[in-house]
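# Residue-level structural notes
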Amino acid sequence: MVEVLKKRLLNPFCLAAVIFALLIYSGLLCVTDRHPFVSLVPSESVSFIEGQIVSNPVKTSSGKYYILTLAARQCGSIKGYSVKSSAGGNVKCLVPSEIVEAVYPGRLYSSFGKQIAAEKGEVLCVKGSFSNGVFFVKDSDNLELEDSFSSKIIRLRTASRIKFKRLMFSWKNAGGFILALLSGSKEYTDKNVIDNFRRAGLSHILALSGMHLSFFAAIASGSGKKLFGKKFSFIFKFLGVMFFVWFAGLSPSLLRALLCSLIMLLCALVFSLNADFFIVLCSVFLIHCAVQPADIFSAAFILSYGALAGILLFADFFNGFICRCVPLKISSPLSASAGAQIVTAPVALKMFGFFTPWGIISTVVVSPLISMFFILSLAAIALCLLLPFLAPVFNYIMNAAYNLIAVTVQLFALLPAIEL
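Attention in this report is confined to the structure presented alongside it. (Residues numbered from 1 in each chain as written. Predicted model: local features only at pLDDT ≥ 70, side-chain atom pairs only at ≥ 80, totals over all residues. Heavy atoms only, no water.)

## Describing the overall build of the chain
Within the chain, the secondary structure is distributed over 15 helices and 10 strands. Over its C-alpha atoms the chain spans a radius of gyration of 23 Å, differing by no more than 12% from the 22 Å that the globule rule assigns to 420 residues. Projected onto the principal axes, the alpha-carbon positions of the chain cover approximately 75 × 60 × 50 Å. Pairs at least 24 residues apart make up 66% of the contacts formed inside the chain by residues separated by at least 6 positions. (Helix = DSSP H or I, 4+ residues; strand = E, 2+ residues; numbered from the N terminus. Rg over C-alpha atoms; globule rule 2.2 N^0.38 Å. Contact = heavy atoms within 4.5 Å.)

In structure tokens:
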């Protein structure tokens, strides 16, 4: 055990990742914005921006706005004079919820007013003003996409996500929870349930990550194997992973999971190597920082890498003690949870001001329930698409399963947390 740990820590990829992390998070190495907003019009005079959405819209904690990133193409001003200029770089926009949610089911403003599609890839013209580097939007319009194959794919994704939200809305609370698990959208997830997940140390379950990716990979791989044989299972596995990423959008934790999966597949199929997952994680950390430096200081990025590193480094160590007291089926997930918590605890205390040690146990109890709910959800969606008259039946079944999860999480949320 000690020799394996020593070998891992002395690996060049691990050393490079550790040194880089120390330099970044100590402030000795500064991360600059690789795509700052630039135009001939001064920022304080800009009143409209045209550009393409390059991130999924995320609702703020207050619920009043959505945050999205716009890759600027043009901008201008109509403040006393009219001027227009080409522009470049990314702009963080705060868009009022009533604008984004106008096409969503069940909203009071869904049946009237202007409707736009604020999904990744769509082109918008947003009108408003800058404040502290953020563009506060007062009005917005969709612009026409170019007539190309990629534009048709963007439109297909937008339509699919909106239709999926409408389907899930009919399943009420369970549908909102499924929507959060499959697409990362939490508009219809009960806020109290989200808070309970956070207080119970289970926020990682609601974040799109390797667990979600592995489900789609396993389903696609198994289907390909049964239909066309084992040699085609890799193709279906790859297609399943890419479909989920395309539909859900890349969050920091999902990008980490995707890069790890692709490198592990590459090592196994091309080089016939049984790669050490921890070394792969270190190399992915460096790649991720290079291609998406904006993620480096996000909580999702830090906790995702920290939790997985803790599992890979310390789970076996903890399991050596825990397996003496409980069966292996319980000791293995308990050890993995303990390994993740030991690394992420200091980060959680620093970022959020509290840490939930009961997360070690709650993860072991709730994760299997989530896994079964996930499988049941995919089966229910597939059956309802084929046989729509079954939707009311699955509405009852899914909400019963959801209520079991919600009550279990609420019980763990009542346990005291360690606060600064």
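## Thoughts on the packing of helix 13 (residues 328-352) against helix 14 (residues 359-386)
Following both chains from N to C, one finds helix 13 and helix 14 inclined at 135°, their axes separated by 8 Å at the closest point. The orientation of helix 13 with respect to helix 14, classified from their angle, is oblique. Between helix 13 and helix 14 lies a crossing whose hand is right-handed. Residues Pro333, Leu334, Ser337, Ala338 and Gln341 of helix 13 form the contact with helix 14, whose participating residues are Gly359, Ile360, Ile361, Thr363 and Val364. Split into classes, the residues belonging to the contact of helix 13 with helix 14 amount to six nonpolar, four polar and no charged. (Axes fitted to C-alpha atoms, helices over the stretch in contact; angles between N-to-C directions. Parallel < 35°, antiparallel > 145°, perpendicular 65-115°, else oblique. Left-handed = near helix turned anticlockwise from the far one by under 90°. Nonpolar A, V, L, I, M, F, W, Y, C, P; charged D, E, K, R; others polar.)

## Some points on unusual backbone geometry
In this structure, Asn132 is a non-glycine residue whose phi angle is positive, near 55°. Inspection of the secondary structure assignment puts Asn132 in the loop between strand 7 (123-131) and strand 8 (134-143). In this model, Lys172 sits at a positive phi of 60°, which is unusual for a non-glycine residue. Relative to the helices and strands, Lys172 is located in helix 5 (residues 172-183). Lys172 gets classed as exposed once you look at its relative accessible area, which sits at 59%. (Buried < 20%, exposed > 50% of the residue type's maximum accessible area, 1.4 Å probe, protein only.)

## Side note on the pattern of salt bridges
Enumeration according to the criterion identifies 10 salt bridges in this entry. As a salt-bridge pair, Arg8 and Asp276 come within 3.0 Å of each other at their nearest N and O atoms. In this pair, Arg8 is assigned in helix 1 (residues 2-9) and Asp276 in the loop between helix 10 (252-269) and helix 11 (277-291), connecting sequence segments 268 residues apart. We classify Arg8 as buried; its relative accessible area is 17%. Between Lys165 and Glu119 there is a salt bridge, with its nearest N and O atoms 3.7 Å apart. Pair noted here: Lys165 is in helix 4 (residues 149-169) and Glu119 is in the loop between helix 3 (97-100) and strand 7, with a separation of 46 residues, a long-range link. Since its relative accessible area comes to 2%, Glu119 is described here as buried. A single network of salt bridges, built from pairs that share partners, joins Glu119, Arg157, Arg161 and Lys165. (Salt bridge = Lys/Arg side-chain N within 4 Å of Asp/Glu carboxyl O.)

## Thoughts on the environment of Ser150
Relative to the assigned elements, Ser150 resides in helix 4. Separated by 29 residues in sequence, Ser150 and Gly121 have C-alpha atoms that sit 9.3 Å apart. Within polar-contact distance, the side chain of Ser150 engages the side chain of Ser148 at 3.1 Å. (Polar contact = N/O pair within 3.5 Å; in protein donor to acceptor, adjacent residues only side chain to side chain.)

## Quick look at the pairing of strand 5 (residues 83-88)
Two strands pair when backbone bridges link them, and strand 1 (residues 38-39) and strand 5 are joined in this way by two bridges, in the antiparallel orientation. Pairing of Ser39 across the sheet is with Ala87, part of strand 5. Summarising the sheet, strand 4 (residues 65-77) and strand 5 pair through four bridges and their orientation is antiparallel. Opposite Ser77, over in strand 5, you have Val83 as the bridge partner. (Pairing = 2+ DSSP bridges.)

## Some details on helix 15 (residues 391-413)
Spanning 23 residues, helix 15 covers 32 Å between terminal C-alpha atoms, matching the ideal 33 Å at 1.5 Å per step. Taken together, the buried positions of helix 15 are Phe394, Asn395, Met398, Asn399, Tyr402, Ile405, Ala406, Thr408, Val409, Phe412 and Ala413. Where helix 15 is buried, its residues contact helix 5, helix 6 (191-199) and helix 14. (Expected span 1.5 Å × (residues − 1).)

## Looking at the environment of Ala345
If you trace the backbone, Ala345 turns up in helix 13. Take Ala345: its relative accessible area is 12%, and that puts it in the buried class. Measuring from C-alpha to C-alpha, the distance between Ala345 and Leu303 comes to 9.4 Å, with 42 residues separating the pair along the chain.

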